[in-house]
Each structure stands twice: as structure tokens, then as C-alpha cells.
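# Structural overview for review
So you can see what is in the structure, the chains are spelled out below.
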Amino acid sequence: MRIIAKENFTEFINALINDDSLNVIGVKSKGEKFAFGPLDSAGELRLDYDVTLLPPKKYFFPQRETLVTYNIGTGFSAKDPAHTKQTVIVGVHPYDIVALLHMDEIFSETKSDPYYFEKRKSSVIIGVNMQKMSKWCFAPYMGADTIEYGYDLMLTDLGNRYAVAIGSQKGEQLLDKYAKGLTNALARDIQMVGQKKREVSAMCKQKLDFSPELIPEMLSRYYGESTFWENHSEKCLACGSCVLVCPTCYCFDVKDNPDLSLEHGERVRTWDGCLLEDFAKVASGENFRATRPTRYRHRYFKKGKYLFDRFGFISCVGCGRCGSNCLPDIANPVSLFNDMYREVQQSGLEVIAPQAPDINIQTEGNIDYVPRLATVIKKQPMTSFETLFEIKLDDGSVLGHDPGQFVEVSIFGVGEAPISISSPPTKKESFELCVRRLGNVTNKIHGLKVGDKVGIRGPFGHGFDPEALKGKDLLFVAGGLGLAPLRSLFNYVLDKRKDYGKVTLLYGCKEPKELLFADELVALGRRDDVDFKPTVDRCPESEVWSSNVGVITTLIPQIQFNPEKTYAIICGPPIMYKFVIADLKKRNVPDDHIIMSLERRMKCGVGKCGHCQINHIYVCKDGPVFNYAKIRGVPEAL
Amino acid sequence: MKPKVAFFDFAGCEGDQLQIANLEEDILALLGQVEVVSFREVMKEHSDNYDIAFIEGSCTRLQDEDRLRQIRKNAKIVVAIGSCATIGGINSLRNYKETDDVRKAVYGENAKLFDTYTARPIDAVIPVDAYVHGCPMTKEEFLSVVKSLLLGKKPDIPTYPVCVECKKNENVCAFERGQFCVGPVTRAGCDSCCVNEGTICWGCRGLIDNPNENSEKEVLIKNGLSVDDAITKFRLYFGWQERRK
Amino acid sequence: MKHQNVNIDVHYVTRVEGHGNIFVNVKEGNIERCEWAIPEAPRFFEAMVVGRQYSELHHITSRICGICSIGHTLASLKATEAAMGIKISDQDLKLRKLALHGENLQSHILHLGFLVLPDLLGVGSVIPLASSNPAEVKTVLRLHRLANEMSNLICGRTTHPQRLIPGGFSKIPSMKELASLRQKLKDCIPDLLAVAGLIKTLAPKLPNFTRETEFIGLTAPDEYALYDGVLGSTDTGTAPVNDYLSYTNEYIVPISTAKRAKHARDSFMVGALARFNLNYDRLSPMAKKTAETFNFKPVCHNPFMNNIAQLVEVVHSVEDSIKLIDDLESADLKSQSEYKKPFSQIKAGRGVGAVEVPRGILYHDYTYNDKGTCTKANCIIPTNQNHANIELDMKALLPQILDKTNKEIELNLEMLVRAYDPCISCSTHYVKVYFV
């Protein structure tokens, strides 16, 4: 630890500011509040602040950031993240440092975000121990009021001087280059620093009535308590304030922004929030978290349970920004959890701290935000809404997908849409997508001609495992457009027919004219090594239909199968799953023999932006293919 | 083939059309993508053969309805620009007063010479395909809507409130400053421009689709506004939308 | 070729703000009808503000006009501040003057470049000029953009300026930003001279027409009055602003939804020409020089010269803005909160705010009760005050041009209307020209 007199510290900051190769950020006053901003002089610095309006996360994960640029002639390219000036951020409180460490783990899980980490790498964090605490802050309860690591330098105000703890070589080098008059800390100084740090928790005005380690367990008991969540969220304005000011929130949206020539443009990511009404809405109009209570509940669960299960930490640092920014005052976690705890106590429910979860975080390279160019080589309309496209990557490579995976298809200037791959991996030179025209991107895809270009990212997601299904009897149950993703596995199985046992396909549509892959189905009907049964909900006067009429579950009694040997593979509209699974269960099909493909609003494709999240699961990463045994307990899934 | 566009105005201040003039050099880029066949403020020529009609201003007289219907007939796409056209704007303020009182106040005994009725947005009279909200609209949003129309996609208009943009812009909340703001129930898309300039959100872009009006009114009252004043505040821009509910 | 019969019905004159109609009926050389009629939808602002709070009035009345928004806001604020006895700081006063210069610049350049230039170059609009005269169009756009940047910096934005609040400004620019603006103003002077040069070559196309007219505007002893002053008339001298009613005498005509005004004669003119005639010797040096190159001196009774007066004012606004920024710098710009609130000492009272907007003198007159609620309001728009003069000018011009073709007569009448740069939707009007 070193000591620097305040005048020398001022000179140190001014020396940093005068170096044009550095971007010096510090806490300044803004109105009656505080915010991190560029420093013009050391005099602007307000290290005595309580909390900033926005956390320093905005320097690593900005409100708005260009990820990719495109040019219709040449395709997509990454916005080069590498040219970031060295940034020095002065005055970061311990809770914000803890939050950055959380974000580091979150942004590197499975795939790493190069934009975030480039900025992290090129920045220096000069922390400061808290001198004032906002009345909403409860960082001491979250163990975030002080911290021993995660910074390059950490300041403690000792009156006429600062104690400077050195946290990294980067920090030490910064002092060596720009600071003068440093002395070594004496025992007395070190003691004072310890004393100051212990005094921080005494500033806390919030009171959590129990130990926060009980939170994950309490939450999981309270998921279904609708009255609790309805009462607490009644006044919610869906304004998103609580999540936008949060240092550990990281949901984002991605949009395309063409310039006026329409020839080039950029793909931009912006902060998004799960409290906003349309966060979980898909192109068909279905909103998977349409009500205030469900969205309100989701935030607490994500912070207090889902991230805990995945990473082992409760993703809340107690900064108090959410509580202080909520106009109807319903966002303060302390109030909510105290209410919950009181109810739990009154009801005599026993809640214990959970075991430390089994964490296995891997990182396999960077997230690729840049689409590859591909060409439409065949276009085959199938119904008035669905068209089959055959696509070939321009660089000649094989997509290399698993059945059940999806790709993100880009149309220049319009956006990206997730489409399941409809062809099996055994078909290598190209791949097929069955696209239903519904929203902006899919309507544009329908307008493409053979020879037109698209962008392809992926393949993404956890698909089917054809190896594990070898030798088993397979019962495919497809509803409507659900046949499209199932086809990738189904046709693979047909390509390797002798590796599998009995193969049955039940396929239901609303009306005969909505049947997909009609030609292939006719051929299927002629095979004797596949039991194919189609059905329609109804057959209008004008159409001809000689097979079953009725919802898809009416087909199940018509087939024989051995539940021990049979694996059911299901895909269809959200409403279908409940009923099909109930019927299969009645026939004693074990839970782990039921596999399904689910759909949500998928954007980034790599489990980061948050849109596809169902409870603790990311559909784009943990799915879209799920085993019922694993997903049975997930309330938002079915 | 560049689409043909035409501009029309009804009861408004022409501020939205001015934003088009304020595109400055981008006007030239815009002219590279569309052909302007009618824009009375700026050109003499006029043609009834247009694909896209941009309409500013509210409909405030029965006689305006015919003109609107004619425009709807001529155009493939109708775009309402500015709050007066999209939600009734400041014109709807007078809907709370008896029409006669208003006329008398302004024109005295000659009031009967001037007809008027409830000020309304143009979608109260004809179907509208796209909206550019705001008083005035911003150049950026106007261009964004134009680009969407040129690309054949549905314009992306926020359904969340101004608070989202205000927080991203790191403003000190109006309520924290002892002022009263309707941002929490007002449609975003303006990038919280008024709060950025040091004031409050007045609600010029209209209510979001599912505003929690009771909660917002409670917040206003909790912070010191009287019940009557809270109701009055909502009438500044939400007059037509509130009545429609 | 003498036209014995002329019938002109111009429905919605083009290239003016708002909607207005010209009706002309000449039978065998006798003028039977020559009317300037306004059919625009009335907007009733004076009734809408009754019952609203003092802190809201400027926001509402700003919406009277999209182009002179800053002017309406300032007139409104002056009226409210006068009613409640509030004085603004010297610094805020200078900033408000800069705001008005920004508006004048934006409006005059738009008018000259987009609305008048096409007539002088013989085309229907500025659009074909983008291909035929790209350099000139780009110059106009550059100047227009600078004017908007200036308004954005001082007021937040040109149309419905947020920063202008009762008592001053919610937020002010830094001296660094003002210095940068000052440099841009200095740098735009070559562009200004280019535009002036272009208009000089085209000026002979402006008709040489005069009709003795009374001119009314603000006037002040030591500056070219735009923000502050007393009432001035070329016929009767000066009067305090509170006497404005006797300088307007609004009345209604059935053919118009806009009111008209009169003073010493049957009509009078307001606007750049009026200001030029009243306050010529307080123009900035470069502005006077510009006037000299056109042989333009007070008192000029040719309404078409209003266009040249606007050009002269553009030069003046640029020069005076530079001076105002110099003054702000030497007085040391004091910082203030970036979220300043309107003043809060309210009391009952009545106040009149008069301000020169690009098109002429504007009055806002408010009465408040002790709760700060507006109980009565009166707004007199400059274009209202011009309507009678436009009609009388038309009646005087028409006999002089009866020997021209129908198209030329129509063009001349339209150019006459355009020279006034009317802001008709402010007075809620709509010009349409149709041939009967």
C-alpha cells in the first residue's frame, strides 16, 4: 500500500488528463446527483459521492454499440473492436467492481464477447472506498461494500491524503508513470484504512431481515405464489428503470440500421430490459411474458436464482439503484425479500441455504456476430405462407449442423430471424430452411429470388442427438410448422434407416392446404418401413381429404408402441405440447423418452441477450431441443 | 422506380414539415430515393399520382374529412407525421372545452362564421399505415420510417415509455428534481430529448399501448400534484387517446 | 395584349407557410373582385391556454407556429414574466437575443433559398435547382444547417425549443460551445456573401412597385430591436408596448378565418422591411454595406423589397451574434444547473410580451390569477397584421399588370404574397390559388 498527499493526487489526475493517449473518466456531479463522465480537470472529480446514476458498465457494455457493418456489394464485416483508447476510470465503488466481475463471468460463459473484453482489457480501474452511502444501498448485506481484488488501484480517503492499494501490475505502472510524491504506507495508515472499511457498513440505512443466502431457496418456493407477485407488481409502469440502471443487467436487442442509400448500414446492439412489455414477444404476436407479474417476477428470479444456479453468485450487489429509480417504489429488493421472508416465517415454511451449485463454466472462443454470405439456390413455395429455401454458403463450406439446430438469417438492413434447419446433416453441399412469412425479415426472405444473397450465422443451439437414439423406436409428433425442424432429424433417420427401430410420424395441420412437404409425405405414405399418419383439424368443403380428421392427439390411440423402447420427438405450436405429453404419459412413456423442440424470441443465438430465456434456461443455447425430464419443472416452458 | 411521395397539411403548425427542410444535406440523399410530386410549402407543381402520402396536422372540421378521404384513395401508403396527425396533438386540448365557448372566446359574436368540431388525429377518419410521432417529429425517426417503407418492412416504433431512453441518457429523473413528468406513460422514440435539455417529458408522443395510468397518477400525486392537476396534465396531449378508451 | 377579363382563383398559394386564397375577377378592365382570403382551419389557441398553468403556457403557444416557434415562446415568456414581475439575468437576456437571431437566420434563409429563389430563377421549386444549381443549393443548405445548429445549441431545438423556460433557461451552453459557434458564424461569411451576390444578380426580377404604407415594429435607441423595444410606427412615432391594442385594432372579415389589423391608415406592414425602415441606422456595419449594394435605403415602400430586407437582416444577425458571444465571454459566462426549473414566485397580474419574429411584431398578452392559472389570453400574430396590407397592395398592383398574361399576373400576385413571407397557420390560414 502507498500513500499520496491530496495535492499530489490532484497532479496525478491532471497528468493523466493531459496525456492525449488516455481517456480519463471520473465521477462528476450531475444536477444534484452524480455520474461517470470525461474529466477536463481533476477539480471535477467527486470521490465523496454516494452512487452514480448509471454504473461504469456503460464503458464496457455501452447503451448503443455497432457490432457489424454491411455493404450490399461485399457483405458483412465486424466493427473492429480493437481500437479502443486506454481508459482510466476513477472512483469506482466496491459494489460496482463486484458487478464488473460478475459481468466478466457472464460475458465469457460458453462464448466470449469480444467487444466487452476488448474494453475491459484496455481499461484501468481506480476504485475508491465509500465515503457516503445512498439510503437505498444495501451492499454490505451482499458482501459488496468493500473488496480486496478486482481493481488496479483502490483509494481510501484518510483526510489530507489517500491510501492507495495496488491491485495489479497495470495499476502500479500507472502510478510509476504519472504520480509523484508516493510514500509507503505506515502501520498507522494501514490500520486507518481497515477502520474506514469497517465503518462503511454502519452507513447502511437498509435492513435485510435475514441472511441473503436464503434467497435462492425462498424464491424457488415462491414461484407459484401468484397473489404475492400480483400485489407487488400492480403499480409497475413497465418503464424498465430498474433494469436499465442495474450494474449486473446485460440483456440487449440487436437492430439493423441502413443508411439512406440503402446500400450500406450497421447492425447495432442496444440495452434492453425484461421488464419491458414486448421483451418476450415473437413475430407471430405471442408474448411469453405478457403480464406485469410474470415480468416483475422474472427479474428477481434471474438475479436471485437462475444466475445463482448457473454461476454460483446472487447477481445483485446491493447498489440500490433499482430501488431509488422506481417511481412507484416496488423495485427495492430489500422490501420485497423482507415481505417474502415475513410470509415464509408466518407460514412456518422452512427455508435453508442451498448447496453451492455445481458450476462448470466453459469458454469456447468468441461469439461471432458477423454473418457469412450465402446464396439462395432453390425456392419452392409450399403453402400460401411457407416456402422452402435451399441455401449454399458462399465460401463453399459445409454448415456442419446437428439436426434440431437453427441459424440466424440476415437480410441487409432489415434484420435477423432465427430459422430451424430443415435438412439433415447428411445433406452437405447445401441446407434447407422452411420459412413462414410473418414479420419483417421473413416477409423479405419470401421476396428473395434464386441467386439472391443472405447472411447466415450459426448453426446455434442444442439439437437432437441421433447417436443416442440409435436402435430405438422413434415416434415423431409434428404440428403445423413443427414438421420443419423435425424433418432435419427425420430425414437423417431415413438416410440411416437400418440404424433405427420402428419409425412413426404423426403429422397434424389445421386444414389440408396447410400441409408442408406434400410431395415427400406422399412418398412417405408409400414406404413400408415408416408408419405415417396425417390428420387435419377440419376439412373445408372445397378440399379433398381421405385420412383422419381431428386434432393430433386423436392419432395417438391409433398407433401401437412399446413405451420402454420408444422415444417421442415433438414439435409444434405452443398449445400442442401439454396435450400430446399428457397422452403419451397415459401410455406410460417415461419422461426422459420425450424430446421436444421449443421456440422463443431468439436474437443473439448464444445465450446472452436474454430474449429467449424461459426461467433459467436459454432456448437458443440450452435448447431449442429439450428433454422433457429436464424441462418438466420449468414453469414457463410449456 | 423511385416511389412518388406527396406532403399534405391540415390543422397544425407545419413544424413537422420544417423538420424535413431541416434534413439539410440529407434532403439531397432523400431525393435520390423518392420523387416528390406534391409539397405545397416548397413547390408549385402538384400531382394526384403519388404512392406515399405524408400528412401533418389534425382533422378539425367536417370539410377536412373529404380531403383526407381523397388522399387515402390516391395513396398506397399513408403516413401520419407529427403529434397533431398521430394523436390529435395540442389541438385536442380544446376538446375539453365546449366547442361554442372556444369559438366565442376567439371570434366574439362572429363565432358562428367559423365551423369546427372535436380535433382528432387523422386515423379517426382514414386508415393510416405508419406513424411518425412527436411534437415535432425528429428527422431521425422520419428517415427511419422512410427507410423502412423503402425496404418494405414495418417501421420499428417503440412500445416502451420514455423512461427507457431517459435512463440510458443518464438524466436525473424529473421527480427527483421536484418536477412532474408523464414520461412513464409516454411512448419513447424521441431519445428523451426534452429531459436531455433540462426539462420534463410533456407527453407529446402520446400514451403507450398499455399505460399504467393509475400508477402514473399515483406517482404524480405522491410527489405533490393535486388530483385535479394530475388529470389536467394528462389532457395536454392525451385528450383524444383518453376519450377513446 | 390587354386582358379585358381576368379570373384568377388561386387556391392554396404554394411556397408559403399555411393556406391562403387569391380571388381576382376583372371584367372589361374593371376590377370587380380582388381578395386575399384565408380559409385555414382555426386553431383557437387563445381559448386553449385559459385554465392552464403559467409554467405551461410557453409550451402550448410555441405550437402556434413551427417556424417562429422560438419567437412565440419568447413572446409568451415575456408576457408571463411581465405579468408576475420577474426579471431575467443579463446573461439570459443575451442568450435570448442569440436565440432570436438563430430563428431569424433559419427562417429568412429558408424563405429566401427555398421559397423565393425558385421564382427568381424561373422554376417551380428548389428541387430542380438541386441538379441545375447544386453549388448554390448546397450553400443555402449549409447556412440553414448553421442556423439550426445555433438554435439547437441555445434553445435545444429550433421547433418547440425546450430550453426556454419562465425565468430563463433550463440549460445553457458552455463558453467552449459558444466559442465554437462563434467561429462557425465567422466562417460562414463567404457563404453569406455568395448568397447576397446571387440575389443581387436576380434582384432586377423583383417588380418595381410602391404604395405608400405605414410600417410598424419594435424600436430601441441603441440596438436593432428584435427582442426588446417600444412600439414604433413610421407614421406616428413610438408608444409603450402595453398600448399594443391601439396599434392593432383587430377585426374580422367573413372571407377569412384570420383577423386583420389597422392603425393610422387602412392597413400597415410589419416584418423585415418595417424593421429596416424603422431601425436602419442600428444595423450592423456589414448589414448596412449589404443594403448599399442593393441601393436599398429607408423608407422603402416596395413590399417586394421585404426579401432584400431579410437578406440584410441575415447579415446583421450573424454579425450581432458574434458580438453577443464576445460580450458573454468578456462578462465571464456563469454556469448554472443543467436542470433549472421555472421561477416559482407567482402572483396575479397581466403582462404583454412583444417580440420581433422573422415576419414581424408579435404580441402575447396574458392575465393570471393568484394561483398562476391563465384566465385570459390574446395573441396577435404578425401575419394577421399584414393581411389587410397584402390585399390593398394587390388592389394597387393589379391595374399595373393587367396587360400581362394570366400566368404572369398570377405569378406576380403570388410573388407579392410570398414577399411578405406570410406564416399563415400561425394566424391559421391556408392559401390556395385556383383559376376560375
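The rules behind these values
Residues numbered from 1 in each chain as written. Chains lettered and ligands numbered in written order. Predicted model: local features only at pLDDT ≥ 70, side-chain atom pairs only at ≥ 80, totals over all residues. Heavy atoms only, no water. Helix = DSSP H or I, 4+ residues; strand = E, 2+ residues; numbered from the N terminus. Rg over C-alpha atoms; globule rule 2.2 N^0.38 Å. Buried < 20%, exposed > 50% of the residue type's maximum accessible area, 1.4 Å probe, protein only. Phe/Tyr/Trp six-rings, centres within 6.5 Å; stacked < 30°, edge-to-face > 60°. Lys NZ or Arg CZ within 6 Å of the ring centre and 35° of its normal. Contact = heavy atoms within 4.5 Å. Buried area = accessible area lost by both parts, 1.4 Å probe. Salt bridge = Lys/Arg side-chain N within 4 Å of Asp/Glu carboxyl O. Polar contact = N/O pair within 3.5 Å; in protein donor to acceptor, adjacent residues only side chain to side chain. pLDDT = per-residue confidence, 0-100. Pairing = 2+ DSSP bridges.

## Here we look at the overall build of chain C
When helices and strands are tallied, chain C shows 13 helices and 13 strands. For 436 residues, the compact-globule formula gives about 22 Å, and the C-alpha radius of gyration of chain C, at 21 Å, lands near that figure. With the C-alpha coordinates of chain C rotated into their principal frame, the extents come out at 70 × 50 × 40 Å. Looking at chain C as a whole, 66% of its 436 residues are labelled buried.

## Side note on the packing of aromatic side chains
Applying the stated rule across the entire model yields 38 aromatic pairs over all chains. Aromatic side chains Phe107 of chain A and Tyr250 of chain A sit 6.1 Å apart centroid to centroid with 65° between the ring planes, which places their arrangement in the edge-to-face category. Residue Phe107 of chain A is located in the loop between helix 2 (94-106) and strand 7 (110-112), and its partner Tyr250 of chain A is located in the loop between helix 8 (241-244) and strand 12 (252-258); the two are separated by 143 residues in the primary sequence. By relative accessible area, which is 0% here, Phe107 of chain A ends up buried. Judged by its relative accessible area of 4%, Tyr250 of chain A falls in the buried class. When the centroid spacing of 5.1 Å and the interplanar angle of 75° are considered together, the rings of Tyr222 of chain A and Phe228 of chain A count as edge-to-face. With a relative accessible area of 4%, Phe228 of chain A lands in the buried category. These aromatic residues form a ring-pair network of at least three members: Tyr222, Tyr223, Phe228, Trp229, Tyr296, Tyr300, Phe301, Tyr306 and Phe337 of chain A. It is Arg437 of chain A that lies over the ring of Phe385 of chain A; its NZ or CZ is 4.7 Å from the centre. Lys78 of chain C extends its terminal NZ or CZ atom over the ring of Tyr227 of chain C, reaching a point 4.5 Å from the ring centre.

## Examining the interface of chain B and chain A
With 35 residues of chain B at the interface, the matching set in chain A holds 40 residues. Summed over both partners, the interface of chain B with chain A comes to about 3,200 Å²; 56% of that surface belongs to carbon and sulfur atoms. Here chain B and chain A share four salt bridges between them. Note that Lys235 of chain A is salt-bridged to Glu218 of chain B, the shortest N-O span being 3.1 Å. In this structure, the connection of chain B to chain A is made through 21 residue pairs in polar contact (both at pLDDT 80 or more). Residue assignment for the side of chain B that touches chain A shows that the elements contributing at least two residues are helix 2 (26-31), helix 6 (139-151), helix 7 (163-168) and helix 9 (213-222) of chain B.

## Quick notes on the pattern of salt bridges
Enumeration according to the criterion identifies 84 salt bridges over all chains in this entry. Measuring nitrogen to oxygen at the nearest pair gives 2.5 Å for the salt bridge that ties Glu197 of chain B to Arg163 of chain C. Residue Glu197 of chain B is located in the loop between helix 8 (193-196) and helix 9, and its partner Arg163 of chain C is located in the loop between helix 6 (134-155) and strand 4 (164-165); the two belong to separate chains. Assessed through its relative accessible area of 13%, Glu197 of chain B is described here as buried. Arg265 of chain C serves as the salt-bridge partner of Asp235 of chain C, at 2.8 Å between the closest nitrogen and oxygen. Taken together, the residues span a long stretch of sequence, with Asp235 of chain C in the loop between strand 7 (230-233) and strand 8 (237-239) and Arg265 of chain C in the loop between strand 8 and strand 9 (268-269) at a distance of 30 residues. The structure contains a network of salt bridges with shared partners spanning Glu65, Asp113, Lys119 and Arg269 of chain A.

## Focus: the interface of chain C and chain B
Between chain C and chain B, the residue contacts involve 70 residues of the former and 61 residues of the latter. For the chain C and chain B pair, buried surface summed over both sides reaches about 5,500 Å², with 61% attributable to carbon and sulfur atoms. Our count for the contact surface shared by chain C and chain B stands at two salt bridges. For Arg145 of chain C, the salt bridge goes to Glu25 of chain B, with nearest N and O atoms at 2.7 Å. Counting across the chain C and chain B interface gives 19 residue pairs in polar contact (both at pLDDT 80 or more). The biggest single contributor to the side of chain C that touches chain B is helix 6 of chain C, with six residues.

## A word on the environment of Val49 of chain C
Checked against the element boundaries, Val49 of chain C lands in the loop between helix 1 (45-48) and helix 2 (54-62). Those residues in contact with Val49 of chain C that sit more than four places away from it in its chain are Leu57, Ile60, Thr61, Cys374 and Ala377 of chain C.

## Side note on the environment of Ala135 of chain C
Examined against the element boundaries, Ala135 of chain C turns out to sit in helix 6. For the pair Ala135 of chain C and Ile86 of chain C, spaced 49 residues apart in the sequence, the C-alpha separation amounts to 48 Å.

## Remarks on the confidence of the model for chain C
Here chain C averages 90 in pLDDT, while 95% of its residues score no lower than 70. Interface predicted TM-score (ipTM) for the complex: 0.93; the corresponding pTM is 0.91.

## Section: the pairing of strand 12 of chain A
As a general feature of sheets, a regular strand has side chains that alternate between the two faces. Residue and element names in this part refer to chain A. Within strand 12, five of the seven residues are buried, which leaves the element mostly enclosed by the surrounding structure. Two elements, strand 12 and strand 13 (residues 264-271), share seven bridges in a ladder whose sense is antiparallel. Along strand 13, the bridge assignment pairs Asn257 with Glu266. Between strand 12 and strand 13, which pair antiparallel in sequence order, lie five residues; one of them, Leu262, sits at a positive phi of approximately 65°.

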